[in-house]
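Reading the structure
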Amino acid sequence: MKIHSLSMTIGATALMLFAGTASAASPMSEAQSRYKQERAACMNGTSNQDRATCLKEAGAALGEAKRGALGASDDGNLARNQMMRCETLPAQDREDCAMRMNHGTMSGSAQRGGTLREIERPVPTR
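What counts and what doesn't
Residues numbered from 1 in each chain as written. Predicted model: local features only at pLDDT ≥ 70, side-chain atom pairs only at ≥ 80, totals over all residues. Heavy atoms only, no water. Disulfide = S-S within 2.5 Å. Helix = DSSP H or I, 4+ residues; strand = E, 2+ residues; numbered from the N terminus. Buried < 20%, exposed > 50% of the residue type's maximum accessible area, 1.4 Å probe, protein only. Salt bridge = Lys/Arg side-chain N within 4 Å of Asp/Glu carboxyl O.

In the structure shown here, the tally under the stated rule is 2 disulfides. Put simply, cysteine 42 and cysteine 54 are joined by a disulfide, and their sulfur atoms are 1.8 Å apart. The sign of the -75 degrees torsion about the S-S bond sets the cysteine 42-cysteine 54 disulfide as left-handed. Highlighted residues: cysteine 42 in helix H1 (residues 2-44) and cysteine 54 in helix H2 (residues 51-66), separated in sequence by 12 residues. For the pair cysteine 42 and cysteine 54, one class covers both residues: buried.

Next up, the structure:
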């Protein structure tokens, strides 16, 4: 009877370990799936980078995902990154930059060579 009880405990433990591994593997399989998609874009020329750079970036992103260091971008991170671009400008240009980032219109794309952010503000006449 003790042997039967021990084998059930081992079986239950193995099942729990398998279930834990399966749920932990999900983010990794998502990262690997994303890597395959990015690699395909590199190979078929639909990325906005040359092939070598594209493959290097895709591999680096997979490596970061494996270490758990690749975070999802949320709106807060994107807004902070946009404002960091404005911080490098001279003081007199920062306000206009912030307004373009938050309220301006955007046109263009990275694939077409860049994006343009615009905002219209009345300038007092002298």
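So that's the structure; there's more coming.
Evaluated as defined, the whole model comprises 3 salt bridges. The residue arginine 121 makes a salt bridge to glutamate 95 at a minimum N-O spacing of 3.7 Å. Within this pair, whereas arginine 121 is found in the segment after strand S2 (114-118), its partner glutamate 95 is found in helix H4 (residues 91-103), the two being separated by 26 residues in sequence. Between arginine 121 and aspartate 96 there is a salt bridge, with its nearest N and O atoms 2.9 Å apart. Remark: aspartate 96 occurs in helix H4 and arginine 121 occurs in the segment after S2; sequence separation between them is 25 residues.

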